[in-house]
Each structure stands twice: as structure tokens, then as C-alpha cells.
Amino acid sequence: MALPQGTNSIIASLGGYGPGGLTALGIGDINNDRRVGFANRPYDQIIEDQGVSGELNWDLGGMTLTSVTAWRDWSYLQGQDADFTAADILFRDSATGDGFGFEIFTQEFRLSGVNGKLDWLIGAFYADESLDRTDFFSLGTQYQDYMRAQVIAAASALPLTAGGTLGSAGAAGVIAPLAAPLAAAEGGGIRDRYAQTNESLAFFTHNIYSVTDDFEITLGLRYTQASGFAPTGTFLLYGFPWLTGTNDVTANQTREENEWSGIISARYSFTDAVSGYVSYSQGYKAGGFNLDRDTAPPVDTSFAAETVDAYEIGLKTSLMGGDLLINSAIYYQEFANFQLNTFTGVQFIVASVPEVLSSGAEVDVIWRTPVDGLSFQGGASYTEAEYGNFPAVGGIPARLPNAQLTNSPMWTATGSFTYERPLGDNLMGLAYIDARYQSDVNSGSDLDIEKRQPSYALVNARLGVSTMDDRWTLEVWGRNILDEEYTVINFDSPLQLITPTYSTFLGDPRTFGVTLRTRF
């Protein structure tokens, strides 16, 4: 967890960071090899997952009819220390029986065949899904002290702790109307209920036509009709973001979508070793509803369908008698209503970003080197992915327009060497090393500067020995062997009203291990 000044002084006064407080931890410093976790509530999980699927194929003479039927039921009860500290502020208790789950039934029919130069397929897909969520946040024994101290500090601009005084008449005037709801909230909780149902029906076709032995055209098309009803829930419109009362409302919403998507591409073989392709595709990702608390009217938690127009040109080559494979491509993509998911510290929100533009180039290489048993596999990509030029309204963070896309590095590169060599007549030895580099990114959906991750590289390796028939394998391995310190996701800590606090999921440190596998 990153630890800037501000609200953390309140959490520290409640024992949230252990007896040593912020000083012992090192404020905002993840590079001190101190991976200390704090929690005063359990993180137990109860997951039930069941399902069945079946596929039938009929040969109809020159064509094949395929039926795929599937049903799945999944549920999840979650325990969580939701304030991510040792202070007793906010938590989920799996014993309440609250959680979320879904049930989905799907049916797909495909009819395919080959007629001369045409390889064709037509089909239909139906899905019926229901989703239920009951989210219950329990308020801890220190919730009152924590929220009161935040309001006092915000009103008086003083870094007061939970045990401090009101500090000014202005602060007292702010805290007084909240005394009753805060007292009423002690030992209580907030339960929200949501239910969503969706039905979708799609018709599709995918066809490959061989104009000549060296030239083929692919055409795919899909029409999707979808409807949804959701959510049935409770949403707080203003005031303290976690206190229920007269401000809570129930909302029922519906939406329907009718969308086309598809692809058209052409591939040409210049020689037996070199081929190229060009393609255009339009993708579609259904819209939906935010199943979380809404903090501002009107009560409309829906978000639009996301679409993308994608263009790509590529080249595939096989050199050195097939020992060297090089694939390369350049691409350009235009996204409309890009679905950006963010955690604000109070709620998860999917906002529809009007425009995202992405362009770049990539290359992949597989090389069986002249050294017997030694091979190389790697690749590199360069991507310019940016939010478009649009006004930051409707829940869109102010930093987004014309900025680099969240979690999108400009440069990435990977490489690995594998060396296998017989050890006598019955054993095989293995040596392997790989590395991955990525340039700097900002993992925050709001692109706050505190959520920036500088460029870094990870290196992994392993040594192993196995029998020729893989009956058993013994490996010694190391991950992140250079012990690189990095963050995966940075996000706003829960329930922050004044100087923001940022929490972090750290990347794995250097680890070593031994693995023994056997097959029988």
C-alpha cells in the first residue's frame, strides 16, 4: 500500500498500520523489502461452480450440423477487510450469506461445409443469463471515529486524529448534523440488492473463398440482438456515501441493442515461404449496467455498447528451411464508447469514453538455432494508444482527453531461450530463461500521477531433468530473479474524503522453488 500523508494519519491513530505506524512502514515507499499486510477481518471465500455442456455432430452428406448446449451456475460468498487496514472500519462477512452469482444457458447451432472453392459456415447462438448480487458492508467498531475525524479535518483543514477536538466552530457546524446518522450507523451495515437478466440472439456466417491456390478472401458477419433488465437495487444519491436512509431509492432499468459486427480479409502467398494479409473488422462489446452504488442523480447506471473499427496489414515468413519464422503486422484501431472500469474508492464505475485511438506495429520471432537443442522465441511491439479529444463530462476523469491509455505501455518486448539436451540414454536436461520488458504506464483509470508505474523488466529461469517419456520431471526455478520492485494496479483507497490515499497491488518479489511432476 502506498502511503502519502493526509487521511493516513487518521488511520494510523486508529492502529490501522500497526504499533509502529507510518514511520515504521516508510511513507509511500515500496522499495524497502517490507511487504507487510494488515487486516483485522478474514478474507474467506465460498465458491460453488457447477455446469454441464455437450456437443453433437451430424454428417448430412457434404455438410456437418453441430449443436453445442451448455448450462452453468456459479455463486460466490466473500469475506473481506474492505478498508485494507488493521483499523476496524468496514468489512464484508461471508457468514451473512450475501454475495453474487449467475446462471446462464447457451445454445449454438452451426452448419458448415465445403463446396468447390468455398469453405462456408452459418450459425445461430442464443444465451439466457440471470445475475444476482446482494452486497452487504458491515460497519466496524471504529467507523464512527474514522468518518467523524475525516469530516473534521476536511472542514477545518487541520490534520486532526480521531481523538482530536473539533478545532473550530465551522468544523462543529459541519459535524453536528452528522452526529445522529453516525451514531445510528454504529454496528450496522449497508445492504444493496441487484438483479439483472439478459437475453441475446445472434446469427453469424464465416466464409473463406479460394480465388486461386495463392489468394483467398475471408468474409465473416454477425448480427446480435440483446436485451437486458437491471438493476433492482438501492443507490445512495448524495451525502455520506455509505449511510442508508431516506436518500436511498430503487431503480429498474432496461436496454436493448441491435448490432452488426464482422470481418473481411484477404491473404496472398507470394512464395511458399512468404505470405501477406490485409483485414478490416468491426467488433462489438455489449453495454450493460453498473451494479454498484450511484452517488449522483439521475439514477441511470447504464453504459453503452463498445465498438471498434480495426485495420491490419501483416506479413508471415518462413526462412532457413522453416527454422526461422518471422511474423509482423501494423494496425490501427478506433474505439467508440470505450468501456473504462474504475474504482473511485467508493464504487466501481464503468464509464463510456467517447473515443480511443490505437495504432502500432509488432513482430514475433521463432528461431531453431544451429546449436542442436537451442531455440529462441521472442517479440516486440510499439503501440500509441490514446484517449481522444473530448470533454471530460459524465463521470469521465479530467485527465483522460488526449492522454496515454490506462495500462497501455508504448513499448513491450519479450524473449526466451530454451536448451534441451539428452543426459545419457534415458534422461533429458532442460535450461530455460525468459525476460519481459515494458515501458512506463499509468494503471489508474483516472490517470492520477501517483498511479504511474515506471518501466521495468522481469527475468525468470529454470533448470530441469526428466525421463524421455516425461514420466517424471524435476525442475528448480526462479521468478523475478533480479528482484524487480513494481506495482500491478494502483487505486484509490476506500472511504477517503480529504487528501487521497492510494492502495497498490504489488508485483511478486523474487521467488525460488522446486517442482516435481509425475505422470501415471
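In this text, all values refer to a predicted model and were calculated from it rather than measured experimentally.

1. Examining the pattern of salt bridges
By the definition in use, this model includes 15 salt bridges. Ionic pairing is found between D135 and R133, a salt bridge with its closest N-O pair at 2.7 Å. Overall, the relative accessible area of 14% leaves R133 in the buried class. Where salt bridges share partners, they join R92, R133 and D135 into one cluster.

2. Side note on the packing of aromatic side chains
In the structure shown here, the tally under the stated rule is 15 aromatic pairs. With a centroid separation of 5.8 Å and an interplanar angle of 45°, the aromatic rings of W74 and F100 are classed as tilted. Taken together, the residues W74 in strand β2 (residues 63–78) and F100 in strand β4 (residues 99–115) connect sequence positions 26 residues apart. Looking at W74, the relative accessible area reads 22%, which means it is partly exposed. Both rings, one in Y456 and one in Y486, keep their centres 4.5 Å apart while their planes meet at 15°; by these two values the pair is stacked. A residue pair is termed long-range when its members are at least 10 positions apart, and Y456 in strand β20 (residues 456–467) and Y486 in the loop between β21 (472–479) and β22 (487–492) qualify at 30 residues. Across the pair, exposure class does not vary: Y456 and Y486 are buried alike. In textbook terms, an aromatic cluster arises when at least three aromatic residues are bridged by ring pairs, as seen for W74, Y76, F100 and F102.

3. Some points on the environment of Q404
Summarising the element assignment, Q404 is placed in the loop between β15 (374–387) and β16 (411–423). Look at Q404 and you get partly exposed, because its relative accessible area is 32%. As a C-alpha pair, Q404 and E384 span 20 residues in sequence and 7.6 Å in three-dimensional space. Those residues within four positions of Q404 in sequence are excluded, and the remaining contacts are A385, E386, Y387, P409, M410, D440 and L447. There is a polar contact of 2.6 Å between the side chain of Q404 and the backbone oxygen of S408.

4. Thoughts on the confidence of the model for the protein
In the predicted model, the protein carries a mean pLDDT of 84, and the fraction of residues at 70 or more is 82%. Long-range and interchain partners of residues 1–7, a stretch whose pLDDT sits below 50, account for 31 contacts in this model, where long-range means more than four residues apart.

Cut-offs used in this document
The residue count restarts for each chain, going from 1 along the sequence in the order it is written. The predicted nature of this model means local features are confined to residues of pLDDT at least 70 and side-chain atom pairs, given and counted, to a pLDDT of 80 or more, with totals for whole chains, interfaces and linings taken over all residues. Side-chain descriptors were evaluated using all non-hydrogen atoms of the structure, hydrogens and water having been removed beforehand. One speaks of a salt bridge when a side-chain nitrogen belonging to Lys or Arg is within 4 Å of a carboxyl oxygen belonging to Asp or Glu. Accessible area is worked out with a 1.4 Å probe on protein chains only. A residue is then buried under 20% of its type maximum, exposed over 50%, and partly exposed in between. Note on aromatic pairs: the rings of Phe, Tyr and Trp (six-membered ring only in Trp) are paired at centre separations within 6.5 Å, and the planes decide the class, stacked below 30 degrees, edge-to-face beyond 60, tilted for the rest. Strands here mean DSSP runs of E at least two residues long; helices mean DSSP runs of H or I at least four residues long; both are numbered from the N terminus. In this description, contact between two residues means that some pair of their heavy atoms is separated by no more than 4.5 Å. Polar contact criterion, stated in full: a pair of N or O atoms within 3.5 Å, where within protein one must be able to donate a hydrogen and the other to accept it, and residues adjacent in sequence count only if both atoms are side-chain atoms. pLDDT measures how confident the predictor is about each residue, on a scale from 0 to 100.

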